[in-house]
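Topology and contacts: notes
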Amino acid sequence: MKEIIPGESFLFEATTCPNNNNDDNTISSSIKEDEQQQEEKKKKNPIVNGVKSFFSRMRPRRRKQKKQKLNEKGKTSSAIRSLFPRAFSPLDDDSTTKLTPLKESIVQDLAQKCNDVIPNFENRVKEVSWGGSSNSKWWDYNNNKKKKGSSILLEGYLRIMQWPKDDTTTKFPFRLCKKECPKEFALQHTLEWREEYKPWCIPSVLNNENQKGYFYVRGYSPSSDTNNNNNKQGHALVWYRSGMHKYQNASEWIRMIVHTLDRSVADTLMRTNGKVGRFNAIIDAGDFSGSGEMPGFTKLKELITILQDHFPDRLGVVFLLNFSKSAQFLFGLIKPIISKEVREKIIMVPSDNNNNNNPRQEMLDNFIAAEFLPKSLGGNAEEYKFNPKLYYR
């Protein structure tokens, strides 16, 4: 297996995208028109106008509750990790990750339905690997091999469907299945999306959109095995420095994010030999002004739909750092359209304090491997210098 050098040569050779994606190669005037319409609606909508005052009233209470939890349970690494278990790759003998016989049968049933119902399924899934790499297969289930981790993909979909039994229908994907769909439809929907969108592809426009390196994959979190000093089995780390850049094109901005997350899943799968395919995200909103860093609400909703439909249970946790009032206000507007499962994985990291009990630093030390925690966040690592030509080569 090719050696992985996070943040440098990375996992695989870049795959060039076809030239038929017009939305990724040209700036559409309709995007700007759509954003202007959304802004006008916000101004006229009394509900939206009242959101800011609502969240300003609720925020102090929520902060207090979170700080209480951290102060009570944040004194040791094991206690912090018990608060957010999905942020860490499990140990091989971790009983909490093993499926019950009933859930195993549900996984097998869904796998069989996919093979029976979706046309040419076995051949098609070979062409849509995570990150475009043959070493990080999208369809990881094998009826004949009982190796651990062989049903990660199906478990992720079934978990968000709440483990439907037999021929029970489901309302996932949420937007398309309001009147319920067969459970195999979600897999077919993602397969068709991956065939058409090709999230692993790297169009030349990404070099321009992400020139400063405000969104990238680098490093990993520690795994559950705290006794292993050379442990590289943790979730990939996705870094988003939202205040560094004004987006140029909404569709390119979405593709850049989706490509990065697809790449992060491939990174973790390759380091864990296919056992784990998740990522943790760090959103640093330092210097975020709320003006031009993100596209309009319609495009944000489009991105969230893509992630919820096609990346179920791939997220470990999201850390929100240095959130100003404007960043918190924007987050408050977006939060209602995020699923409950994802909302529970979002952590607002407390600000620095000067006393000996510093939950912020303790959290970062536990969730980010030491060699990737920069000095700006209290670590010892040098600041990462992003090189788009090297990163997207």
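**A look at the overall build of the protein**
Scanning the protein for helices and strands turns up 15 helices and five strands. A buried classification covers 51% of the 393 residues belonging to the protein. Sequence-distant contacts, at least 24 apart, represent 75% of the contacts inside the protein between residues at least 6 apart.

**Describing helix 12 (residues 325–334)**
Helix 12 sits mainly inside the fold: seven of its ten residues count as buried. Buried residues of helix 12: Ala327, Gln328, Leu330, Phe331, Gly332, Leu333 and Ile334, and no others.

**Focus: the pattern of salt bridges**
Opposite charge on two side chains permits pairing when their charged atoms draw close. Within this structure, the stated rule accounts for twelve salt bridges. The partner of Asp262 in a salt bridge is Arg194, with the nearest N and O atoms 2.9 Å apart. Separated by 68 residues along the polypeptide, Asp262 in helix 10 (residues 250–271) and Arg194 in helix 8 (residues 184–197) bring together distant segments of the chain. Accessibility classification places Asp262 together with Arg194 in one group, the buried group. Lys345 serves as the salt-bridge partner of Asp313, at 3.5 Å between the closest nitrogen and oxygen. One end of the pair, Asp313, is in the loop between helix 11 (297–310) and strand 4 (315–321); the other, Lys345, is in the loop between helix 13 (340–343) and strand 5 (346–348), and 32 residues separate them in sequence. Take Asp313 and Lys345: they sit in the same class, and that class is buried.

**Describing the pairing of strand 4**
Of all seven residues that make up strand 4, seven are buried, and the element is covered over most of its length. Pairing analysis gives five bridges linking strand 3 (residues 279–284) to strand 4, with the strands arranged parallel. Counterpart to Phe279 in the pairing with strand 4 is Leu315. The β-α-β motif built from strand 3, the intervening helix 11 and the parallel element strand 4 has right-handed crossover chirality. Where strand 4 and strand 5 come together, three bridges link them in parallel fashion. Considered in strand 5, the bridge of Val318 is made with Ile346.

**Some words on the state of the cysteines**
Evaluated as defined, the whole model comprises one disulfide. Through a disulfide, Cys177 is tied to Cys181; the S-S separation comes to 2.1 Å. Judged by the torsion about the S-S bond (-105 degrees), the Cys177/Cys181 disulfide is left-handed. The two residues Cys177 and Cys181 agree in class, both being buried.

**A short note on the side chain of Ser264**
Relative to the assigned elements, Ser264 resides in helix 10. Looking at Ser264, its side chain comes within polar contact range of the main-chain oxygen of Leu261, at 2.6 Å. Residues within four places of Ser264 in sequence aside, it is in contact with Val217, Ala236, Val238 and Phe279.

**Topic: helix 5 (residues 101–117)**
The terminal C-alpha atoms of helix 5, which comprises 17 residues, lie 24 Å apart, in line with the 24 Å expected from a rise of 1.5 Å per residue. Taken together, the buried residues of helix 5 touch helix 6 (121–125), helix 7 (152–160) and helix 8.

**Some details on the environment of Tyr197**
Turning to its location among the elements, Tyr197 is positioned in helix 8. Residues Tyr197 and Val258, spaced 61 residues apart in sequence, show a C-alpha to C-alpha distance of 10.0 Å.

**Focus: the packing of aromatic side chains**
Taken as a whole, this structure holds 19 aromatic pairs when the rule is applied. With a centroid separation of 6.4 Å and an interplanar angle of 75 degrees, the aromatic rings of Phe386 and Tyr392 are classed as edge-to-face. No difference in accessibility class separates Phe386 from Tyr392, as the two residues are buried. A cation sits over an aromatic face here: Arg194 above Trp130, 4.6 Å from the ring centre.

**Things to note about the nonpolar core**
Most often, soluble globular proteins keep nonpolar side chains buried together rather than apart. Trp138, Trp139, Leu187 and Trp253 are the most contacted members of the largest nonpolar core, which has 92 residues in total. Per-element accounting of this core gives the leading share, ten residues, to helix 10. Sequence-distant contacts of Leu187, that is, excluding residues within four places in its chain, are made with Leu110, Cys114, Ile118, Trp138, Trp139, Leu153, Leu154 and Tyr157.

**Re empty space enclosed by the protein**
Applying the stated criterion to the full structure yields one cavity of 30 Å³ or more. One number sums up the size of the largest cavity: a volume of about 60 Å³. Lining of the largest cavity is provided by Trp130, Trp138, Ile152, Leu153, Gly156, Tyr157, Arg278, His310, Phe311, Pro312, Asp313 and Arg314. Split into classes, the residues belonging to the lining of the largest cavity amount to seven nonpolar, two polar and three charged.

**So, the packing of helix 7 against helix 8**
Running from N to C, helix 7 and helix 8 cross one another at 120 degrees; their axes reach a closest spacing of 10 Å. Compared by their axis directions, helix 7 and helix 8 come out oblique. When you trace helix 7 past helix 8, the crossing you get is right-handed. Contacts between helix 7 and helix 8 involve Leu153, Leu154 and Tyr157 on the former and, on the latter, Ala186, Leu187 and Thr190. A class-by-class count of the residues in the contact of helix 7 with helix 8 yields five nonpolar, one polar and no charged.

What counts and how
- Residues numbered from 1 in each chain as written.
- Predicted model: local features only at pLDDT ≥ 70, side-chain atom pairs only at ≥ 80, totals over all residues.
- Heavy atoms only, no water.
- Helix = DSSP H or I, 4+ residues; strand = E, 2+ residues; numbered from the N terminus.
- Buried < 20%, exposed > 50% of the residue type's maximum accessible area, 1.4 Å probe, protein only.
- Contact = heavy atoms within 4.5 Å.
- Salt bridge = Lys/Arg side-chain N within 4 Å of Asp/Glu carboxyl O.
- Pairing = 2+ DSSP bridges.
- Right-handed = clockwise from strand over helix to strand, strands pointing away.
- Disulfide = S-S within 2.5 Å.
- Polar contact = N/O pair within 3.5 Å; in protein donor to acceptor, adjacent residues only side chain to side chain.
- Expected span 1.5 Å × (residues − 1).
- Phe/Tyr/Trp six-rings, centres within 6.5 Å; stacked < 30°, edge-to-face > 60°.
- Lys NZ or Arg CZ within 6 Å of the ring centre and 35° of its normal.
- Core = buried A, V, L, I, M, F, W, Y, C linked by side-chain atoms within 4.5 Å.
- 1 Å grid on protein atoms, 1.4 Å probe; cavity = no way out; pocket = protein on both sides within 12 Å on 5 of 7 lines; lining within 4 Å.
- Points joined across faces, edges and corners; volume = space filled by probe spheres on them.
- Nonpolar A, V, L, I, M, F, W, Y, C, P; charged D, E, K, R; others polar.
- Axes fitted to C-alpha atoms, helices over the stretch in contact; angles between N-to-C directions.
- Parallel < 35°, antiparallel > 145°, perpendicular 65-115°, else oblique.
- Left-handed = near helix turned anticlockwise from the far one by under 90°.

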